[in-house]
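Analysis of the macromolecular model
This is what each chain is made of:
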Amino acid sequence: MSEANAYAALTKAFSGLGVDENLFISTLGRWNRHQRQIYRVSTSGFFKEDERQFQRWDDRHILQLRQEFLRLKDAVVLYTMHPWERDARLFKEALLLKVPQRDVLIETACTRSSEDLLGARKAYHSLFEHSIEEDIAHHVKTHERKLLVALVNSYRYEGPRVNEDLAKTEAKVFVNALKDAKKNLIEDEEIVRILSTRSKLHLKAIYSHYKELTGNFLDEDLDGDLILKQVVQCLCSPQTYFSKILISSLRLDVDETAKDSVTRVIVTRADDDDMKLIKEEFHSKYGTTLAAKIEEVANGSYKDFLLTIIAKSD
């Protein structure tokens, strides 16, 4: 490898998701002091000229690199956990942030089976000696609190029966609510009741009837309320929701929260039928495979681990 190519490869290894351990060993480990000096001078994105005339790491990139070295460890630990414990810990981490991560609460509550959601609630009791419901009620102070508590408390029917007449009637509830500009949908008792109690097949029937009644997709008409849009997508079309998260997160210019979502989505969906559907949706919508996108952005053992996980659904 030429020196110019080595510099470019090393810069990518410092920039992506995870780190390329082998490249650090084979290239960086062999460079002498002069070669390392040239790299620091030529890589102003990572190093800056100090007033005392030496090139020093940008503190922000030191922190980023430490996080990237930990990314594989975090993915392995999360992957090895019992699914109930994993979801319980994701709930807790989402709630402890200064601004709770509502998307993590929503996707976990809305995409798990009734038994797995109940299991996560049990695990939460064991791990934290609180209920998820009381912690959401404590940490979420805004108007979506009632909906979030109802979603995590749900135990949905999972059989095949759907009452189409009732689904059409409840589709009209959404039609009328969306027409009322004064109504705060997320606090509407009927909307909360439908979204938190109806089976997923019933909700998909509502979604279809809404399209027949209005000519629009329900989630698209909810663009003005991101939380309700996420709830509807997670309940009716989780592969669409997760594909959007992955395409927006598998980039070099995203923040730490977005990078963490790559691990979360791939690891938590690895053993579900979801992963196959996510990969199909991703390929159909974005014109590239999920594996190719991971190859483009991720590095080293972390990249290999993600590729191995998603290959299980082939």
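Check the entry above for the structure.
All figures in this text were calculated on a predicted structure; none of them were measured in a lab.

Definitions and cut-offs
- Residues numbered from 1 in each chain as written.
- Predicted model: local features only at pLDDT ≥ 70, side-chain atom pairs only at ≥ 80, totals over all residues.
- Heavy atoms only, no water.
- Disulfide = S-S within 2.5 Å.
- Buried < 20%, exposed > 50% of the residue type's maximum accessible area, 1.4 Å probe, protein only.
- Salt bridge = Lys/Arg side-chain N within 4 Å of Asp/Glu carboxyl O.
- Helix = DSSP H or I, 4+ residues; strand = E, 2+ residues; numbered from the N terminus.
- Expected span 1.5 Å × (residues − 1).
- Contact = heavy atoms within 4.5 Å.
- Phe/Tyr/Trp six-rings, centres within 6.5 Å; stacked < 30°, edge-to-face > 60°.
- Lys NZ or Arg CZ within 6 Å of the ring centre and 35° of its normal.
- Polar contact = N/O pair within 3.5 Å; in protein donor to acceptor, adjacent residues only side chain to side chain.
- Axes fitted to C-alpha atoms, helices over the stretch in contact; angles between N-to-C directions.
- Parallel < 35°, antiparallel > 145°, perpendicular 65-115°, else oblique.
- Left-handed = near helix turned anticlockwise from the far one by under 90°.
- Nonpolar A, V, L, I, M, F, W, Y, C, P; charged D, E, K, R; others polar.

A disulfide bridge is the covalent bond that connects two cysteines by way of their sulfur atoms. Counted according to the given criterion, the structure contains zero disulfides. The thiol of C110 is not disulfide-bonded; the next cysteine sulfur, from C234, is found 5.6 Å away. The exposure class of C110 is buried, given its relative accessible area of 0%. For C234, a relative accessible area of 1% puts it in the buried group.

Let us look at the pattern of salt bridges. Inspection of the entire model under this criterion finds 24 salt bridges. Here R52 and E51 are joined by a salt bridge, their closest N and O atoms 3.1 Å apart. Of the two residues, R52 and E51, neither departs from the other in class, the shared state being exposed. A network of salt bridges, in which partner residues are shared, links E68, R71, E256, K259 and D260.

Even without being a glycine, E129 presents a positive backbone phi close to 55°. By secondary structure assignment, the location of E129 is in the loop between α7 (114-128) and α8 (132-139).

Bringing helix α15 (residues 238-249) into the picture now. Here α15 spans 17 Å end to end across twelve residues, near enough to the 16 Å set by a 1.5 Å rise per residue. Burial in α15 covers these residues: P238, T240, Y241, F242, S243, I245, L246 and S249. Buried residues along α15 sit in contact with α6 (102-111), α14 (226-236), α16 (256-268), α17 (274-286) and α18 (290-297).

Bringing the environment of V99 into the picture now. For V99, the location among the structural elements is in the loop between α5 (83-96) and α6. In this structure the C-alpha to C-alpha distance between V99 and V140, which are 41 residues apart in sequence, comes to 8.4 Å.

Turning our attention to the environment of E170. Considering the arrangement of structural elements, one finds E170 in helix α10 (residues 164-179). When the C-alpha atoms of E170 and H202 are compared, they prove to be 9.8 Å apart, with 32 residues separating the residues in sequence. Apart from residues lying up to four places away in sequence, E170 is in contact with R193, I194, R198, H202 and I206.

This paragraph deals with the packing of aromatic side chains. Under the criterion given, the structure shown has ten aromatic pairs. Between W31 and Y39, the ring centres sit 5.7 Å apart and the planes meet at 50°, which makes this aromatic pair tilted. The pair formed by W31 and Y39 is uniform in burial state, with each residue classed as buried. Ring geometry for Y79 versus F305: centroids 5.5 Å apart, planes at 90°, classification edge-to-face. Placement of the pair is Y79 in helix α4 (residues 59-80) and F305 in helix α19 (residues 300-311), with a sequence separation of 226 residues. Connected via pairs of aromatic rings, a cluster forms that spans W31, Y39, F46, F47 and W57. A cation over an aromatic ring shows up here: K92 above the ring of F128, its NZ or CZ 5.1 Å from the ring centre.

This part takes up the side chain of R269. Position of R269 among the secondary structure elements: in the loop between α16 and α17. Residue classification places R269 among the buried positions, given a relative accessible area of 1%. Among the polar contacts listed, one links the side chain of R269 to the side chain of T111, at a separation of 3.0 Å. When neighbours within four sequence positions are excluded, R269 is seen to be in contact with E107, T111, R112, F242, D274, M275 and I278.

Following both chains from N to C, one finds α4 and α16 inclined at 20°, their axes separated by 10 Å at the closest point. Taken together, the axes of α4 and α16 lie roughly parallel to each other. Viewed along their axes, α4 and α16 form a crossing whose handedness is right-handed. Residues Q64, Q67, E68, R71, A75, L78 and Y79 of α4 form the contact with α16, whose own contacting residues are E256, K259, D260, T263, R264 and V267. Residues belonging to the contact of α4 with α16 are distributed by class as follows: four nonpolar, three polar and six charged.

In this section: the side chain of S249. Within the element layout of this structure, S249 appears in helix α15. Its relative accessible area of 4% is what places S249 among the buried residues. At 2.8 Å, the side chain of S249 and the backbone oxygen of I245 are in polar contact. Polar contacts involving the side chain of S249 include one to the side chain of S261, which spans 2.8 Å. Apart from the residues within four sequence positions on either side, S249 is in contact with V254, A258, S261 and V262.

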